[in-house]
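Letter by letter, the chains look like this.
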Amino acid sequence: MNTDTHTEAIKTLSALGSLRVWSLLVTVFGDLAPDCPLQGPTLSAIMERIGIKPEATRVALHRLRSDDWIASEKTGRTSLHRLTEKGQRDSQAAHLRIYGAPAQMGQGAEVFVIRDTDTIPKNTIYAQISARTFITKTGTPLPEGAMRLAATDFPQWLGPQIEPPALLDAYADLNAALSDILATLPEVTTLSPLDVAVVRVMIVHAWRRLALRHPDLPRSAHSAKWRGHDCRVLVSQLLGKYPRPPLDQVKAA
């Protein structure tokens, strides 16, 4: 196994944004254990391989238990952690946006107008075009009283209008990182199950923190600089190349 290449991939993905430990745990459970328990030693091995201290993991677990997002129990000397019903619902709600195949996503958009600025929707499933005009994925529930407009053609000025510069830059950085990882990381057969689990988690986490911040719109609605759709293609390729390993094989070396 080329441990240097794997370590470099994890460092690159970690450097794309601050790692909030509780949010990272959400990714771990959502990707690796959406419908099954995760043993304490397995979780510790994953988090420590990423570079998270055990104390930070314990604090984040406590927060997620307080939020009714995970439940923990003791089985002998081993702790078992699993998603609660709330955690499973929340994970499932975001599943398509995170894991949807490129051909499934960005299939249509519609514009809507609200009556006044007092009812501006605060939701990442809408992107604001002007004071009272928004664009969203076709079929998205609209705010009460909104006027729906057909959207079949998108002007060139629309992309820069709905793409925050920070998000545009973040996608460019992620696209470069994922392209490099796809080109340099060795085949799955040369990696340990722990290393596969870790690289999956870091790819999903880096992607998830961007993909959930904006509506799912067609590529044609965006500018030529937008790399969101390219990142989805790369994420799909990488997750296919590094499938989720059996959890009972994910162990510290």
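Up top you'll find the structure we're talking about.
A brief report on the enclosed structure follows. (Residues numbered from 1 in each chain as written. Predicted model: local features only at pLDDT ≥ 70, side-chain atom pairs only at ≥ 80, totals over all residues. Heavy atoms only, no water.)

## Some words on the overall build of the protein chain
Each helix and strand counted, the protein chain has 9 helices and 7 strands in total. Relative to the compact-globule value of 18 Å for 253 residues, the protein chain shows a C-alpha radius of gyration of 20 Å, a close match. Residues classed as buried in the protein chain amount to 47% of the 253 residues present. For the protein chain, contacts bridging at least 24 residues in sequence account for 75% of all contacts bridging at least 6. Counting only carbon and sulfur atoms, one obtains 52% of the accessible surface of the protein chain, whose full area is about 13,100 Å². (Helix = DSSP H or I, 4+ residues; strand = E, 2+ residues; numbered from the N terminus. Rg over C-alpha atoms; globule rule 2.2 N^0.38 Å. Buried < 20%, exposed > 50% of the residue type's maximum accessible area, 1.4 Å probe, protein only. Contact = heavy atoms within 4.5 Å. Areas by Shrake-Rupley, 256 points an atom, 1.4 Å probe, with all protein chains shown as cover.)

## What to know about helix H4 (residues 54–66)
A rise of 1.5 Å per residue sets the reference length of H4, with its 13 residues, at 18 Å; its end C-alpha atoms lie 18 Å apart and thus fit the reference within 8%. Among the residues making up H4, those that are buried are Thr57, Ala60, Leu61 and Leu64. Across the axial projection of H4, the buried residues extend over an arc of 105°, all falling on one side. In H4, the exposed residues that point more than 90 degrees away from the buried face are Arg58, Val59, His62 and Ser66. The elements touched by buried residues of H4 are helix H2 (21–32), helix H3 (40–50), strand E2 (70–75) and strand E3 (78–83). Just past H4, the residue Asp68 takes up positive phi, approximately 60°. (Expected span 1.5 Å × (residues − 1). Arc of directions from axis to C-beta.)

## Describing the nonpolar core
The tendency in soluble globular proteins is for nonpolar side chains to be buried as a group. Counting residues in each nonpolar core, the largest one holds 57 residues, and the members touching the most others are Phe29 and Leu178. Of all the secondary structure elements, the ones that give two or more residues to this core are helix H1 (3–14), H2, H3, H4, helix H5 (85–99), helix H7 (165–184), helix H8 (193–211) and helix H9 (228–241). Broken down by element, this core gets its largest block of residues, 13 residues, from H8. Formed by 11 residues, the second largest nonpolar core is a distinct cluster that contains Ala109, Ile129, Phe154 and Leu217. (Core = buried A, V, L, I, M, F, W, Y, C linked by side-chain atoms within 4.5 Å.)

## Some points on the pairing of strand E5 (residues 126–130)
One ladder, built from 4 bridges, connects E5 with strand E6 (residues 133–137); its direction is antiparallel. Each bridged residue has a counterpart across the sheet, and for Ala127 the counterpart in E6 is Ile135. From the end of E5 to the start of E6, which pair antiparallel, there are 2 residues. (Pairing = 2+ DSSP bridges.)

## Structural notes on the side chain of Arg97
Among the structural elements, Arg97 can be located in helix H5. Lacking a salt bridge, the buried Arg97 has Asp216 as its closest oppositely charged neighbour, with an N-O distance of 4.1 Å. Setting aside its immediate chain neighbours within four residues, Arg97 contacts Met105, Trp207, Ala211, Leu212, His214, Pro215, Asp216 and Arg232. (Lys, Arg positive; Asp, Glu negative; His and termini not counted. Salt bridge = Lys/Arg side-chain N within 4 Å of Asp/Glu carboxyl O.)

## Here we look at H9
Given a rise of 1.5 Å per residue, 14 residues ought to cover 20 Å, and the 20 Å separating the end C-alpha atoms of H9 matches this to within 8%. Listed as buried for H9 are Gly228, His229, Cys231, Arg232, Leu234, Val235, Leu238, Leu239 and Lys241.

## Description of the pairing of E2
In terms of strand pairing, E2 meets E3 through 6 bridges, oriented antiparallel. For Ala71, the partnering residue across the bridge sits in E3 and is Arg82. If you look at the hairpin formed by E2 and E3, you'll find 2 residues sitting between the two strands, and Gly76 has a positive phi there, around 70°.

Honestly, it's all geometry; don't read function into it.
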